[in-house]
Amino acid sequence: MTTPLVVGNWKMNMLASEACNLAQSLADLPVEGVDVVIAPPFTSLYAVSQIIKNTRLGLAGQNFHSELKGAYTGEVSLEMLKDVGCKYALIGHSERRQLFGESDAEVNKKVHLAIEMGFNAVICIGETQEQREAGETLKVIETQLCRGLAGLSGESIAHLAVAYEPVWAIGTGLNAAPEQAVEVHKFIRKILFETQGFSVKIGARILYGGSVTPDNCKELLSEEEIDGALVGGASLNFESFYAIIKSALEP
Ligand code: PEP
């Protein structure tokens, strides 16, 4: 059975002291049976890594530059993320794509780099409201997935998670209905294992993200097709994030 993965994306929230407090509460949890990963802002990564270093909690970078070093003012490299203890990296979050113009080609470069450097890459894909209404959801998913993963070897799948995050559901309070998420998750699995030819035996986890809360997490995470969650707003609060973690443990 696949171990569920729950990732908390703290985005541009929390000062270092707040991030450390929340990390400490999470570090004290007995979280056997679920992989819990947190993605604090860059400025808190090192401090948080010191708090969680002897625990099962994982640390993720929310983003990184696709070059390893150089004159890229304001950017952070994968080596820097590794240096502060990150083993996971989010790639192609819709906010990066929409607000910072990240393309599928850029996402692809980052996925290759992350996997080469031994990270677990979490690639985020999802359709906008207009695309869903135009009946283009699966086409968009296929394009983002195939372009984002182009050229990866079959074994790479062991180091990959795909987060299906409908853009209309992120931060809006409008989560996808379980059957909408399941339809897309099945499609992603089909693309990964049939079209892209990855090995089924070691399959990637497919997460759902988009307004996951303590109220809706149970019905989403109890679906066999949903291997975990990428959580934004509800991961900023211990009680709500813990409720989601628990529901991944006890579907
Ligand atoms: C996200 O940022 O990936 C996300 C899913 O946010 P929220 O849970 O707030 O919708």
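Participant: Account for the pattern of salt bridges, naming residues and giving values.
Facilitator: Tallied over the entire structure, the rule returns 11 salt bridges. Residue Arg56 is joined to Asp35 by a salt bridge in which the shortest nitrogen-to-oxygen separation is 3.1 Å. In this pair, Arg56 is assigned in the loop between helix 2 (42-52) and strand 3 (58-61) and Asp35 in strand 2 (residues 35-39), connecting sequence segments 21 residues apart. You can call Asp35 buried: its relative accessible area is 17%.

Participant: How would you summarise the pairing of strand 5 (residues 120-125) if you had to cite specific residues and measurements?
Facilitator: Most of strand 5 sits out of view: 5 of its 6 residues are buried. The pairing of strand 4 (residues 88-91) with strand 5 spans 4 bridges and is parallel. Paired with Leu90 across the strands is Val122, a residue of strand 5. As paired elements, strand 5 and strand 6 (residues 160-164) share 5 bridges and run parallel to each other. The residue bridging Ile123 from the neighbouring strand is Val162, located in strand 6.

Participant: Help me get a handle on the nonpolar core, residues and values and all.
Facilitator: Judged by nonpolar contacts, the single largest core of 69 residues is most densely connected at Leu26, Val111, Leu160, Ile188, Leu192, Tyr208 and Ile245. The biggest single contributor to this core is helix 8 (residues 178-195), with 7 residues. Setting aside chain neighbours within four positions, we find Val111 in contact with Ile91, Ile123, Gly148, Leu149, Leu152 and Leu160. In this structure, Val37, Ala60, Tyr88 and Leu90 belong to the second largest nonpolar core, which totals 13 residues.

Procedures and definitions
- Residues numbered from 1 in each chain as written.
- Predicted model: local features only at pLDDT ≥ 70, side-chain atom pairs only at ≥ 80, totals over all residues.
- Heavy atoms only, no water.
- Salt bridge = Lys/Arg side-chain N within 4 Å of Asp/Glu carboxyl O.
- Helix = DSSP H or I, 4+ residues; strand = E, 2+ residues; numbered from the N terminus.
- Buried < 20%, exposed > 50% of the residue type's maximum accessible area, 1.4 Å probe, protein only.
- Pairing = 2+ DSSP bridges.
- Core = buried A, V, L, I, M, F, W, Y, C linked by side-chain atoms within 4.5 Å.
- Contact = heavy atoms within 4.5 Å.

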